[in-house]
Amino acid sequence: MSSLLTNLKSAVITGFVLAFILIFFLAQGSFDQTAFNMWLLRWFHVVAAIMWVGILYYFNFVQIPNMAKIPDEQKPAISKVIAPAALLWFRWGAVATVLSGLILAHLNGYLHDAMTFSEGQWPIGIGMWLGIIMFVNVWAVIWPNQKKALGIIEVDAETKAKAARRAMLFSRKNVILSIPMLVAMTVAQNSFS
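Bear in mind the structure is a predicted one, so any value in this text is a computation, not a measurement.

Caption draft 1: Representation of the packing of helix α3 (residues 33-66) against helix α4 (residues 75-107). Relative orientation of the contacting elements α3 and α4 amounts to 145 degrees, with a least axis distance of 8 Å. Considering only the axes of α3 and α4, their crossing is left-handed. Within the contact of α3 with α4, the residues separate by chemical class into 24 nonpolar, six polar and one charged.

Shown next as structure tokens:
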């Protein structure tokens with residue numbers, strides 16, 4: 001059991017095996033393949049979103065507030081190892097979330113209505129637009145500035161400091177946007193009005 005828990009790949013594979021066993025038992029009896037495929041895509045969308053927003057929250061609630069408490073000689077562990085790895089999952093979690101969400105909306109036939117806030121699709125549309133804005137912030141502002149701040153791209157100290165601040169400010173904007181985005185996404189699935 002220890003080797004299962006100490007190896008991330010083994011733990012993730014085990015999680016998927018348990019999920020597939022659960023799916024197998026849930027899918028007994030009459031089975032609608034199309035509904036199952038839509039559920040599977042929605043599940044993937046939620047997993048990707050958890051990865052993306054979870055790392056966004058890690059940066060903003062854990063890493064950024066605690067960087068000042070870390071001795072200077074230990075900061076390279078964060079800037080050279082942890083942050084680049086987290087940013088990789090962060091960026092690609094954003095891609096997977098937005099693409100799977102757009103595909104899901106298209107396959108369910110509400111992509112156009114949601115994107116144009118028509119036919120009663122405005123809550124999910126607001127959530128989708130907020131997610132797209134957050135995605136653009138990740139790829140057009142946060143990541144290019146993080147590359148400078150982390151030294152992936154060599155720049156002078158002043159540019160590095162400005163890039164770190166800009167990345168942090170846009171990351172905070174994404175925290176702000178994530179809260180109403182999550183409200184819009186969940187209310188669209190569970191309307192109480």
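Caption draft 2: Structural detail: the pattern of salt bridges. Counted under the stated rule, the structure contains two salt bridges. Asp-72 is the salt-bridge partner of Lys-75, the closest N and O atoms lying 3.4 Å from each other. Among the ionic pairs, Glu-158 bridges to Lys-162, the shortest N-O distance being 3.1 Å. Of this pair, Glu-158 and Lys-162 are both found in helix α7 (residues 157-189), four residues apart, which corresponds to roughly one turn of the helix. Classification of Lys-162 as exposed rests on a relative accessible area of 55%.

Caption draft 3: Main features of the packing of aromatic side chains. Inspection of every chain in the model, using the stated rule, returns eight aromatic pairs. With 5.7 Å between their ring centres and 40 degrees between their planes, Phe-36 and Trp-39 make a pair best called tilted. Within this pair, Phe-36 and its partner Trp-39 are both found in helix α3, separated by three residues, close to a single helical turn. Of the aromatic side chains, those joined through ring pairs into one cluster are Phe-16, Phe-20 and Trp-43. Over the ring of Trp-143 we find Arg-91, and its NZ or CZ is 3.7 Å from the ring centre. For the cation-ring pair, Lys-173 lies above Phe-170, with the distance from its terminal atom to the ring centre recorded as 4.0 Å.

Caption draft 4: Structural context of a nonpolar patch on the surface. Taken together, the side chains of Leu-8, Val-12, Phe-16, Phe-20, Trp-39, Leu-40, Trp-43, Phe-44 and Val-47 make up a nonpolar region of the molecular surface, amounting to roughly 830 Å² of accessible area. Of all the secondary-structure elements, those providing two or more residues to the nonpolar patch are α2 (8-26) and α3. Among the structural elements, Leu-40 can be located in helix α3.

So, how was this worked out
- Residues numbered from 1 in each chain as written.
- Predicted model: local features only at pLDDT ≥ 70, side-chain atom pairs only at ≥ 80, totals over all residues.
- Heavy atoms only, no water.
- Axes fitted to C-alpha atoms, helices over the stretch in contact; angles between N-to-C directions.
- Helix = DSSP H or I, 4+ residues; strand = E, 2+ residues; numbered from the N terminus.
- Left-handed = near helix turned anticlockwise from the far one by under 90°.
- Nonpolar A, V, L, I, M, F, W, Y, C, P; charged D, E, K, R; others polar.
- Salt bridge = Lys/Arg side-chain N within 4 Å of Asp/Glu carboxyl O.
- Buried < 20%, exposed > 50% of the residue type's maximum accessible area, 1.4 Å probe, protein only.
- Phe/Tyr/Trp six-rings, centres within 6.5 Å; stacked < 30°, edge-to-face > 60°.
- Lys NZ or Arg CZ within 6 Å of the ring centre and 35° of its normal.
- Patch = residues over 30% accessible without salt bridge, like charges linked within 9 Å, V, L, I, M, F, W, Y side chains within 5 Å.
- Areas by Shrake-Rupley, 256 points an atom, 1.4 Å probe, with all protein chains shown as cover.

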